[in-house]
Amino acid sequence: MPWVRKDLLGLEDLSKEEIELILSTAESFKEVSTREIKKVPALRGKTVVNLFYEPSTRTRVSFEVAAKRLSADVINIVPHESSVKKGETLIDTGRNIQALKADIVVLRHFASGSADILSRHLDISVVNAGDGWHEHPTQALLDIFTLKEKLGRVSGINVSIVGDIAHSRVARSNIWGLIKLGAEVTICAPKLLIPCEIEKMGVKVTQSIDEALIGADAVNVLRMQFERDSDSAFPQQLEYFKNFGITEGRLKKAKKGIIVMHPGPINRGIEIESAVADGINSVILEQVTNGIAVRMAVLFLVAQAQEKIAFSG
Amino acid sequence: MILIKNGRVVDPANNRDEILDILVDGKKIAKVAKRIQDDAAQIIDAKDKIVLPGLVDMHVHLREPGREDKETIETGTLAAVKGGITSVLAMPNTAPVPDCAGHISLVREIIAKTGQANVYICGAITRGRAGKELSDILELKKENVAVISDDGASVESEELMLAAFKKAKKNGVLVICHCEDKALSANGAVNLGFTSTRLGLRGISCESEYKRVKRDIALAKKTQACVHIAHVSCKESVEIIRAAKKDGIKVTSETAPHYFALTEDDVLSYDTNKKMNPPLRGNADLAAIKDGLGDGTIDAIASDHAPHTDNEKDVEFERAEFGVIGLETELAVAITELIIHNVLDWPALVNKMSVNPAKILGINKGTLSEGADADIIIVDTDKEWVVKKDDFVSKSQNCAFLGKKLKGVVEHTVCGGRIVYRASGRGLYNLK
């Protein structure tokens, strides 16, 4: 099936086939990064603008590397250096970027729904690089890509997501994507960090870390964002580690070969023990590598859809 | 003189629902009877149309004075008469706040100059709506302001609210309550539940509403004062009000069209025109609102018309203002959702949108009796139309029903014996 969307806003709206198309496209792009000259001309002459309203190193750099390996020109806009601080609205900023004849905006924003809202006002492509607590589709896609690479399939596997589900866009995108591809998903968190009616997304819910680990093929450990929220819902750091931290001891009770993932940056000793983060089950750095292939695929597909739209009309 | 002929006159205040003629003389209704002859009168043919007392909307934000960029008393009342509403209660979140005689007379002056419909002023419970000290309720009453509210906010202090009820009782003033416990709803943007979870937005729980409904009804009971609960949106609030009425407490309530026409599912793609406070709720809540309308727990339908500029709505969802406009759509939404789906019959709908709010506000409206004020509307109930941004006469277009197909068009609005609106032959809405 062809890709027809000009934007990638989230995984909730995508079909199983669309997700699989991104993954298979990423597979073919993965090899590019192993070449001596790590570049293909797929997006030559295209301009990608990284518009990041929230600090991010990992995601922004990953998008930048992905775009450059596709031969696109990349511009990074950091809000505190720009007119955003002068009160320009998101939509006006987007329109200005469009007027500069950029082709793709990669948006990271603290407000949920920002990518949806921006995409409605722009003709050029919008790729969501994380909006509030809503979605972070490319992170979930790279997580799923990594799982598929390691396990050979996604359908029928058991994945547990552990951590602050309530405030996590990574969790939401992973849940939508994994469920669509036929995985079983369990979420595990302290009660106050489990969002209302999350079962309706098709997941199992537990507050027991041991229960989450037993039978799981993979565990995706979310970062506890203690720095972000003064929310009363947040537990003490040590209390959290004691009850939910991923430790070698806990992994002993899990399936042998359980895959340990983390979207980074990791808080050693808070949500994950160093020995686990650096251990044989960990695929944390492979995730980073796969992120480039996945983002190359996404940029390529939306640019291609854009050309089709321009061509047909 | 105006003679409205052959319309189906639905006038529940007089237990009438039949084909009749209405003769208007000056500002008053002169005669209601079959086959009235009057050669001197201007004749309006209302054959196959429904003729109703002008609607009374007891929850309208006209924004003037203070935010004339959103709406003015002129544009707001033009929007009202286009929607068949001839009387509105103007809510007090303006600048200045109508909390003293001086501010009231300032608003009265603007109404006299530019108002196209009857505008009643809702005074503020507390000075500046700040929730710190009471307005001079006796002074307001002397200015003929018999209704007070801090709408947009709830009075957080229970002690202060108790004092307000006591003073209201003493002076025969109605207290309208915006029920929201801010400690429970702070920073919320949508209903707490699956919608807030999937959209990644902070939720506004039903609890934040119904706990305050409970408190304010308890205070009304204690003081024997009259209380009116504004914009009821959830099931538990309906149940609490129903029980209170059974208990003999002097409580009335209203809901807004969006609460019986839309649910949280409609917020889906971060449409800021679906963002209001209280938020759109779930299916069970919508069903409870309809039940409440059906059994009389909810007395009135009011728009909570809340105009905002595009600048305030075309932003990130959590930063967008709460509220939607409703004056020009509320009757059509009510027809489409309540009449066609047999939730209410015509006399019952007229009660909710005219008779009851008039009674609650203590104003002589909502009737087509001979000698009454000639506030009359003629409605083509079969005509379908699609809600479009360009068709609003309101200064703002933040409507939750954009793109929706609705049934029912106001053909004529007579207010105080004057034709203030007619949908002309050249397109649906050509306002004179």
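None of these values were measured; they are calculated from a predicted model.

**Side note on the pattern of salt bridges**
Here is step 1 of the chain: Across all of its chains, the model carries 45 salt bridges over all chains by this definition.
Here is step 2 of the chain: A:Arg108 is the partner of A:Glu54 in a salt bridge, and the nearest nitrogen-oxygen pair spans 3.8 Å. On the criterion of sequence distance, the pair formed by A:Glu54 in the loop between β1 (47-52) and α2 (58-69) and A:Arg108 in strand β3 (residues 104-109) is long-range, its members being 54 residues apart. Each member of the pair A:Glu54 and A:Arg108 is classed as buried.
Here is step 3 of the chain: In this structure, the salt-bridge partner of A:Glu286 is A:Lys150, at a minimum N-O distance of 2.7 Å. Placement of A:Glu286 in helix α11 (residues 284-312) and of A:Lys150 in helix α5 (residues 137-151) is noted, with a sequence separation of 136 residues between them.
Here is step 4 of the chain: One network of salt bridges, with partners in common, ties together B:Lys28, B:Lys365, B:Asp373 and B:Asp375.

**Concerning helix α1 (residues 16-30) of chain A**
All names here are of chain A.
Here is step 1 of the chain: Compared with an ideal rise of 1.5 Å per residue, which puts 15 residues at 21 Å, α1 spans 21 Å between its outermost C-alpha atoms and is within 8% of the ideal.
Here is step 2 of the chain: Those residues of α1 not exposed but buried are Glu18, Ile19, Leu21, Ile22, Leu23, Thr25, Ala26 and Phe29.
Here is step 3 of the chain: Against the buried residues of α1 lie α5, α6 (169-180) and α11.

**Overview of the layout of surface pockets**
If a probe as big as a water molecule is rolled over the atoms, it shows which places are left empty.
All names here are of chain A.
Here is step 1 of the chain: Approximately 520 Å³ is the volume found for the second largest pocket.
Here is step 2 of the chain: Breaking the lining of the second largest pocket down by element, the ones donating at least two residues are α2 and α6.
Here is step 3 of the chain: Grouping the amino acids of the lining of the second largest pocket by side-chain chemistry returns five nonpolar, nine polar and eight charged.

**Some details on the packing of aromatic side chains**
By convention here, two paired aromatic rings are described through the distance between centres and the angle between planes.
Here is step 1 of the chain: Counted by the stated rule, this structure contains three aromatic pairs over all chains.
Here is step 2 of the chain: For the ring pair A:Phe29 and A:Phe300, a centre distance of 5.3 Å and an interplane angle of 75° mean the geometry is edge-to-face. Placement of A:Phe29 in helix α1 and of A:Phe300 in helix α11 is noted, with a sequence separation of 271 residues between them.
Here is step 3 of the chain: Seen from their ring centres, B:Tyr270 and B:Phe317 are 6.1 Å apart, and the 70° between their planes marks the pair as edge-to-face. Placement of B:Tyr270 in the loop between α9 (257-261) and α10 (283-295) and of B:Phe317 in the loop between α11 (310-313) and α12 (330-339) is noted, with a sequence separation of 47 residues between them. Each member of the pair B:Tyr270 and B:Phe317 is classed as buried.

**Side note on the confidence of the model for chain B**
Residues and elements named next belong to chain B.
Here is step 1 of the chain: Overall, the predicted model of chain B reaches an average pLDDT of 96, with 98% of residues at or above 70.
Here is step 2 of the chain: Below pLDDT 50 for its whole length, residues 425-432 participates in 17 contacts with residues either more than four positions away or in separate chains.
Here is step 3 of the chain: Per the prediction output, this complex has pTM 0.94; the corresponding ipTM is 0.93.

**Topic: the UniProt feature "active site" (unreviewed entry) in chain B**
Residues and elements named next belong to chain B.
Here is step 1 of the chain: Mapped onto the present numbering, the UniProt feature "active site" (unreviewed entry) falls at Asp304.
Here is step 2 of the chain: Along the chain, Asp304 turns up in the loop between β15 (300-301) and α11.
Here is step 3 of the chain: Given the relative accessible area of 11%, Asp304 is considered buried.
Here is step 4 of the chain: Apart from the residues within four sequence positions on either side, Asp304 is in contact with His59, His61, His231, Asn277 and Val324.

**Section: the domain arrangement of chain A**
Residue and element names in this part refer to chain A.
Here is step 1 of the chain: Segmenting chain A into domains produces domain 1 (16-135 + 290-312) and domain 2 (137-287).
Here is step 2 of the chain: Each of domain 1 and domain 2 has a C-alpha centre, and these two points are 26 Å apart.
Here is step 3 of the chain: Tallying the contact residues gives 26 residues for domain 1 and 26 residues for domain 2.
Here is step 4 of the chain: Summing both partners gives a buried area of about 2,200 Å² for domain 1 against domain 2, and 61% of it is carried by carbon and sulfur.
Here is step 5 of the chain: Among the residues of domain 1 in contact with domain 2, Trp133, Glu135 and Asn290 are the three that bury the most area, contributing 31% of the side total.
Here is step 6 of the chain: Summed over the shared surface of domain 1 and domain 2, the result is three salt bridges.
Here is step 7 of the chain: In this structure, the salt-bridge partner of Lys30 is Glu149, at a minimum N-O distance of 2.6 Å.
Here is step 8 of the chain: The tally of links from domain 1 across to domain 2 stands at 11 residue pairs in polar contact (both at pLDDT 80 or more).
Here is step 9 of the chain: Within the residue set of the side of domain 1 that touches domain 2, elements represented by two or more residues are α1, α2, β3, β4 (125-131) and α11.
Here is step 10 of the chain: For the side of domain 1 that touches domain 2, the element with the most residues is α1, which contributes eight residues.
Here is step 11 of the chain: Residue composition of the side of domain 1 that touches domain 2, by class: nine nonpolar, seven polar and 10 charged.

**Topic: the UniProt feature "binding site: carbamoyl phosphate" (unreviewed entry) in chain A**
Residue and element names in this part refer to chain A.
Here is step 1 of the chain: Here, the residues flagged by UniProt with the feature "binding site: carbamoyl phosphate" (unreviewed entry) are Arg58, Thr59, Arg108, His136, Gln139, Gly264 and Pro265. As for the lining of the largest cavity, the annotated residues named previously contribute Arg58, Thr59, Gln139 and Gly264.
Here is step 2 of the chain: Structurally, Arg58 is set in helix α2.

**Some remarks on the UniProt feature "domain: Dihydroorotase catalytic" (unreviewed entry) in chain B**
Here is step 1 of the chain: In the numbering used here, UniProt assigns the "domain: Dihydroorotase catalytic" (unreviewed entry) feature to residues 49-237 of chain B.
Here is step 2 of the chain: Between the end C-alpha atoms of residues 49-237 of chain B there is a gap of 36 Å, over a span that is 40% helix and 18% strand.

**Section: the environment of A:Ala99**
Here is step 1 of the chain: Within the secondary structure, A:Ala99 sits in helix α3 (residues 90-99).
Here is step 2 of the chain: Taking the C-alpha atoms as reference, A:Ala99 lies 34 Å from A:Trp176; in sequence the two are 77 residues apart.

**Considerations on the nonpolar core**
Burial of nonpolar side chains together is a common tendency in soluble globular proteins.
Here is step 1 of the chain: Counting residues in each nonpolar core, the largest one holds 105 residues, and the members touching the most others are B:Phe165, B:Ile217, B:Ile229, B:Phe260, B:Leu331, B:Trp346 and B:Leu349.
Here is step 2 of the chain: Here the element with the most residues in this core is α12(B); it accounts for seven residues.
Here is step 3 of the chain: If near-sequence neighbours (up to four positions away) are discounted, B:Leu331 is found in contact with B:Leu55, B:Gly83, B:Leu349, B:Met353, B:Ile377, B:Val379 and B:Val410.
Here is step 4 of the chain: Grouped together as the second largest cluster of nonpolar side chains are 92 residues, A:Cys188, A:Val203, A:Met261 and A:Met296 included.

Rules used in this analysis
- Residues numbered from 1 in each chain as written.
- Chains lettered and ligands numbered in written order.
- Predicted model: local features only at pLDDT ≥ 70, side-chain atom pairs only at ≥ 80, totals over all residues.
- Heavy atoms only, no water.
- Salt bridge = Lys/Arg side-chain N within 4 Å of Asp/Glu carboxyl O.
- Helix = DSSP H or I, 4+ residues; strand = E, 2+ residues; numbered from the N terminus.
- Buried < 20%, exposed > 50% of the residue type's maximum accessible area, 1.4 Å probe, protein only.
- Expected span 1.5 Å × (residues − 1).
- Contact = heavy atoms within 4.5 Å.
- 1 Å grid on protein atoms, 1.4 Å probe; cavity = no way out; pocket = protein on both sides within 12 Å on 5 of 7 lines; lining within 4 Å.
- Points joined across faces, edges and corners; volume = space filled by probe spheres on them.
- Nonpolar A, V, L, I, M, F, W, Y, C, P; charged D, E, K, R; others polar.
- Phe/Tyr/Trp six-rings, centres within 6.5 Å; stacked < 30°, edge-to-face > 60°.
- pLDDT = per-residue confidence, 0-100.
- UniProt positions renumbered as here; feature names shortened; annotations may be inferred.
- Domains from an automatic or database assignment.
- Buried area = accessible area lost by both parts, 1.4 Å probe.
- Polar contact = N/O pair within 3.5 Å; in protein donor to acceptor, adjacent residues only side chain to side chain.
- Core = buried A, V, L, I, M, F, W, Y, C linked by side-chain atoms within 4.5 Å.

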